[in-house]
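Structure at a glance
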Amino acid sequence: MAAKVLVVAGQYHLGDNAGLFQDATFVGYTLALPLIVALDREDADGVTFQIETHDIETWDSDNWLGHPVRLTREGENIEVGRLKDPNDQNGRLEVFRLTIARTEIERLLGGPSGSVVLTVEVEKQGANLGLSDDFVLTRIEVTGATARVGAQV
């Protein structure tokens, strides 16, 4: 089994209600992390980002798709997945595993390594555009690659 690599850990409050989570740094609607990524061995199937959060409340599952997670490089982006309340329940720990095929991430990186920006965005519910789902992102880990916050020079 491939080892998990810690990318970032902390308390990042996404949403529109600054101060709702007193122990978290308020970042607004988007958390953007520039990453330097190097894929593991040649035979790896893909890269998995494990994202941990709490208090995601994307209830009404038929109409709310959740919050998009994207990798972007030079104007091109891949939607890796969405963060959506897994049980439609209020809860402290939510764990999401989002996997990108090796061919897709290698194409985005321009080879087996490169720089990308990982973004987690708050998506408002369409029927209630003023309604934002405030939540806290606490941890991002990766398997199938090494990744660190920063930009290649």
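Everything discussed here concerns the structure shown above.
Reference entry: report on the structure contained in this document.

Before going further, it helps to examine the overall build of the protein chain. Within the protein chain, the secondary structure is distributed over one helix and 10 strands. In the protein chain, the succession of α and β elements from N to C terminus is β-β-β-β-β-β-β-α-β-β-β. Of all intrachain contacts in the protein chain linking residues separated by at least 6 positions in sequence, the fraction that spans at least 24 positions is 77%. Total accessible area on the protein chain is roughly 7,800 Å²; 49% of this is exposed by carbon and sulfur atoms.

With that settled, consider the nonpolar core. Of all hydrophobic cores here, the largest spans 33 residues; its most connected members are Phe-49, Leu-71, Leu-83 and Ile-140. Per element, the largest residue contribution to this core is five residues, and it comes from strand 3 (residues 30-39). The contacts of Ile-140, once residues within four sequence positions are left out, are Val-5, Leu-6, Val-7, Val-8, Leu-33, Phe-49, Gln-50, Ile-51 and Leu-118.

Strand pairing in a sheet is mediated by backbone hydrogen bonds. Such pairs are either parallel or antiparallel. Pairing is mixed in the open sheet, where five strands are placed in the order 2-1-9-4-7. Here the strands that pair on one side only, and so sit at the sheet edges, are strand 2 (25-28) and strand 7 (94-101). Strand-to-strand, the axes of this sheet are offset by a mean angle of 35°, without reference to chain direction. Sheet analysis places strand 4 (residues 46-54) next to strand 9 (residues 135-143), joined by seven bridges and oriented antiparallel. Bridge pairing in strand 9 links Glu-52 to Arg-139. Against the sheet, helix 1 (residues 102-109) makes contact with strand 4 and strand 7, and its axis sits at roughly 75° relative to strand 7, the strand it touches most.

The next point concerns helix 1. Within the sequence span of helix 1, burial applies to Arg-102, Ile-105, Leu-108 and Leu-109. Axial view of helix 1: buried residues confined to an arc of 135°, hence all on one face. For helix 1, the elements touching its buried residues are strand 3, strand 4, strand 5 (67-73), strand 6 (76-83), strand 7 and strand 8 (113-121). One or two residues past the end of helix 1 sits Gly-110, with phi positive at roughly 80°.

This paragraph deals with the environment of Arg-148. Mapping Arg-148 onto the fold places it in strand 10 (residues 145-149). Here the alpha-carbon distance between Arg-148 and Val-8, two residues 140 residues apart in the chain, equals 8.1 Å.

Taken as a whole and assessed by the stated rule, the structure comprises nine salt bridges. For the salt bridge of Arg-82 with Glu-123, the shortest nitrogen-to-oxygen distance reads 2.9 Å. Separated by 41 residues along the polypeptide, Arg-82 in strand 6 and Glu-123 in the loop between strand 8 and strand 9 bring together distant segments of the chain. Residue classification places Arg-82 among the partly exposed residues on the basis of a relative accessible area of 23%.

Before going further, it helps to examine the side chain of Thr-138. Within the element layout of this structure, Thr-138 appears in strand 9. Residue Thr-138 is classed as buried on the basis of its relative accessible area of 17%. Filtering out sequence-adjacent residues up to four positions away, Thr-138 remains in contact with Val-8, Ala-9, Gly-10, Gln-11, Glu-52, Thr-53 and His-54.

Analysis parameters
Residues numbered from 1 in each chain as written. Predicted model: local features only at pLDDT ≥ 70, side-chain atom pairs only at ≥ 80, totals over all residues. Heavy atoms only, no water. Helix = DSSP H or I, 4+ residues; strand = E, 2+ residues; numbered from the N terminus. Contact = heavy atoms within 4.5 Å. Areas by Shrake-Rupley, 256 points an atom, 1.4 Å probe, with all protein chains shown as cover. Core = buried A, V, L, I, M, F, W, Y, C linked by side-chain atoms within 4.5 Å. Buried < 20%, exposed > 50% of the residue type's maximum accessible area, 1.4 Å probe, protein only. Pairing = 2+ DSSP bridges. Axes fitted to C-alpha atoms, helices over the stretch in contact; angles between N-to-C directions. Arc of directions from axis to C-beta. Salt bridge = Lys/Arg side-chain N within 4 Å of Asp/Glu carboxyl O.

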